[in-house]
Amino acid sequence: MTQHNPWPDEGNTGHIWDDDIRELDNPPPLWWMLAFYAGFVAIIFYVIYYPAIPWVNSHTKGVAGWTAIEEYNQDFQVLNNWRQRTFAAEEEQLRALDVTEIIQDDNLRAYAINTSRVLFSDYCMACHGAEGSGNPNFPILANDDWLWGGSVKAIEAAMINGRVGNMPARGMMGNLTDEEVIEVAKYSIALSEGNPDAEEFAAGKALYNGKGMCMACHGPAGKPLAPNGAANLANEINRFQGVPDNLQASRLDSYIFTIKYGVNVRQGGGFLENTRRAEMPSFKERLPDAEVNIKRLAVYVHSLGGGQ
Ligand code: HEC
Ligand code: HEC
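Residues numbered from 1 in each chain as written. Chains lettered and ligands numbered in written order. Predicted model: local features only at pLDDT ≥ 70, side-chain atom pairs only at ≥ 80, totals over all residues. Heavy atoms only, no water.

A. Focus on the overall build of the protein. Along its length, the protein carries 13 helices and six strands. Its C-alpha atoms give the protein a radius of gyration of 36 Å, clearly above 19 Å, the size a compact globule of 308 residues would have. Each principal axis of the C-alpha distribution contributes one length, and for the protein these read about 120 × 50 × 40 Å. Burial statistics for the protein: of 308 residues in total, 32% are counted as buried. Long-range contacts, defined as pairs at least 24 residues apart, comprise 52% of the intrachain contacts of the protein with a sequence gap of at least 6. (Helix = DSSP H or I, 4+ residues; strand = E, 2+ residues; numbered from the N terminus. Rg over C-alpha atoms; globule rule 2.2 N^0.38 Å. Buried < 20%, exposed > 50% of the residue type's maximum accessible area, 1.4 Å probe, protein only. Contact = heavy atoms within 4.5 Å.)

Written out as structure tokens, the structure reads:
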């Protein structure tokens, strides 16, 4: 920068670099000034029209009555209307057809499955786990170990009517002693481990088929003869895990507990203390548009891997 200004008349600021680069003092172009003032006008308009100035508990609302959530809802409505128009035929078919017919139709079946995931997460996942993977004390829906049957009809019925398994405490007649409960529990485990005929389980086997009448529900070899809500004892899948004050308790302790206190045993106006509770609520009144959504979910659950 030099003190000497060789261009005193051109209106420069006197700041000169590299001998001849000067800073001038021209007004901004007219278009720029207009845009600048228009900006102020726009701000005033904006502040009046839209919600703008924060206040202690709220903010100015603006004369337009605009809110982000309202705009979202309107857009969502547009999307929903589009969906309803686009998939009207599929929805109509879901409503009209029986679940057994729906699973025969590849397109309709795929449509039902794809539109079920959110419903399943909202209404079923808390108990049955993500994609039906199960939670301790709630059945897995993604395997073929069914209490009530894995046909799409049986799955639909579970949602319509709910499901409540019942197992009496201490055998069918409620008369097994503590020692007998332990014997029959050991035998029940042997059923899944493949050595039920070993000498050491003879006493348990006799109780299972005789005094306890376990086989009436659980079947002669631990597998119910037809689905009736009773657990399959012939596989390694366990419904109940641990005992209430020790969730890590061994399988034997868990079985002993279940046999002692039964499942959903009623007493007086309520339930027997310690009885295992296992109740699938009816979804007829719980699901929005249950008539269609129960079918949709039945097709989805049936597809999870264990459908029959
Ligand atoms: C409050 C917990 C809970 C919710 C929520 C729930 N279930 Fe269940 N569900 C259960 C229990 C507990 C059982 C086992 C009942 C029994 O022991 O007989 C069960 C059983 C079932 C069965 C029968 C399983 C079998 O092995 O035969 C199906 C199918 C089923 N549920 C589907 C669903 C679907 C689909 C939803 C969502 C609409 C759902 N459940 C929501 C607790 C629940
Ligand atoms: C009236 C039918 C009925 C009778 C009789 C019955 N059970 Fe059960 N049992 C059930 C039902 C129902 C369940 C619970 C299934 C569920 O909700 O997961 C069950 C569950 C069990 C379980 C728990 C399995 C697990 O995976 O945690 C065991 C163990 C068991 N029973 C053993 C026996 C034995 C041993 C006897 C005889 C002393 C017996 N049951 C008698 C119906 C019966």
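Continuing now.
B. Broad picture of the coordination of the iron atom of ligand 1. All of the protein donors around the iron atom of ligand 1 are His 128 (NE2) and Met 280 (SD); their distances to the metal are 2.0 to 2.1 Å. Coordination geometry of the iron atom of ligand 1: the six donor atoms subtend angles of 86 to 179° at the metal centre, consistent with an arrangement described as octahedral. Here Met 280 lies in strand E6 (residues 279-280) and His 128 lies in helix H7 (residues 125-128), a separation of 152 residues in the sequence. A residue is classified by how much of its surface remains accessible, and His 128, at 11% relative accessible area, is buried. (Donors = N, O, S within 2.8 Å, 3.2 Å for Na, K, Ca; no water. Tetrahedral: all angles 85-135°; square planar, octahedral: opposite > 155°, others 65-115°.)

C. Broad picture of the environment of Asn 107. When you line up the elements, Asn 107 lands in helix H5 (residues 106-114). A relative accessible area of 67% places Asn 107 in the exposed class.

D. Region of interest: a nonpolar patch on the surface. A cluster of nonpolar residues, Trp 31, Trp 32, Phe 36, Tyr 37, Phe 40, Ile 43, Val 47, Ile 53, Trp 55 and Val 56, forms a patch on the protein surface that exposes about 1,200 Å² of accessible area. In this fold, Ile 43 is placed in helix H1 (residues 30-49). (Patch = residues over 30% accessible without salt bridge, like charges linked within 9 Å, V, L, I, M, F, W, Y side chains within 5 Å. Areas by Shrake-Rupley, 256 points an atom, 1.4 Å probe, with all protein chains shown as cover. Salt bridge = Lys/Arg side-chain N within 4 Å of Asp/Glu carboxyl O.)

E. Spatial organisation of the site of ligand 1. For ligand 1, the set of nearby residues contains 24 residues, the closest of which are Cys 124, Cys 127, His 128, Leu 147 and Met 280. The backbone of Leu 147 places a nitrogen or oxygen atom 2.8 Å from an oxygen atom of ligand 1. A distance of 3.2 Å separates an oxygen atom of ligand 1 from a polar backbone atom of Gly 165. Looking at the shell around ligand 1, the elements that each hand over two or more residues are H7, helix H8 (152-161), E6 and helix H13 (290-303). (Near = heavy atom within 4 Å. Polar contact = N/O pair within 3.5 Å; in protein donor to acceptor, adjacent residues only side chain to side chain.)

F. Structural context of the UniProt feature "transmembrane region" (unreviewed entry) in the protein. When the UniProt feature table is mapped onto this chain numbering, "transmembrane region" (unreviewed entry) sits at residues 30-49. The span residues 30-49 is 100% helix and 0% strand, and its two end C-alpha atoms sit 28 Å from each other. (UniProt positions renumbered as here; feature names shortened; annotations may be inferred.)

G. Geometry of the site of ligand 2. The full set close to ligand 2 counts 27 residues, and Met 167, Cys 214, Cys 217, His 218 and Arg 239 are the nearest of them. Between His 218 and ligand 2, the recorded distance is 2.7 Å, taken from a side-chain N or O atom to a nitrogen atom. Here an oxygen atom of ligand 2 and a backbone polar atom of Phe 240 are 3.1 Å apart. Of all the secondary-structure elements, those providing two or more residues to the shell around ligand 2 are helix H9 (178-193), helix H11 (215-218) and helix H12 (251-261). Here the shell around ligand 2 takes three residues from H12, the largest share from any one element. Residues belonging to the shell around ligand 2 are distributed by class as follows: 18 nonpolar, eight polar and one charged. (Nonpolar A, V, L, I, M, F, W, Y, C, P; charged D, E, K, R; others polar.)

H. Geometry of the coordination of the iron atom of ligand 2. Here the iron atom of ligand 2 is held by the protein donor atoms Met 167 (SD) and His 218 (NE2), which lie 1.9 to 2.0 Å from it. Of note is the iron atom of ligand 2, whose six donor atoms meet at the metal with angles of 86 to 179° in an arrangement that counts as octahedral. In this pair, Met 167 sits in the loop between strand E3 (163-164) and H9 while His 218 sits in helix H11, placing the two residues 51 residues apart along the sequence. On the basis of relative accessibility, which here comes to 10%, the residue His 218 falls in the buried class.

I. Looking closely at the environment of Glu 23. Among the secondary structure elements, Glu 23 is positioned in strand E2 (residues 21-24). Setting aside residues no more than four positions away along its own chain, Glu 23 makes contact with Asn 12, Thr 13, His 15 and Trp 17. Within the local environment of Glu 23, its side chain forms a polar contact with the side chain of His 15, the two groups lying 2.7 Å apart.

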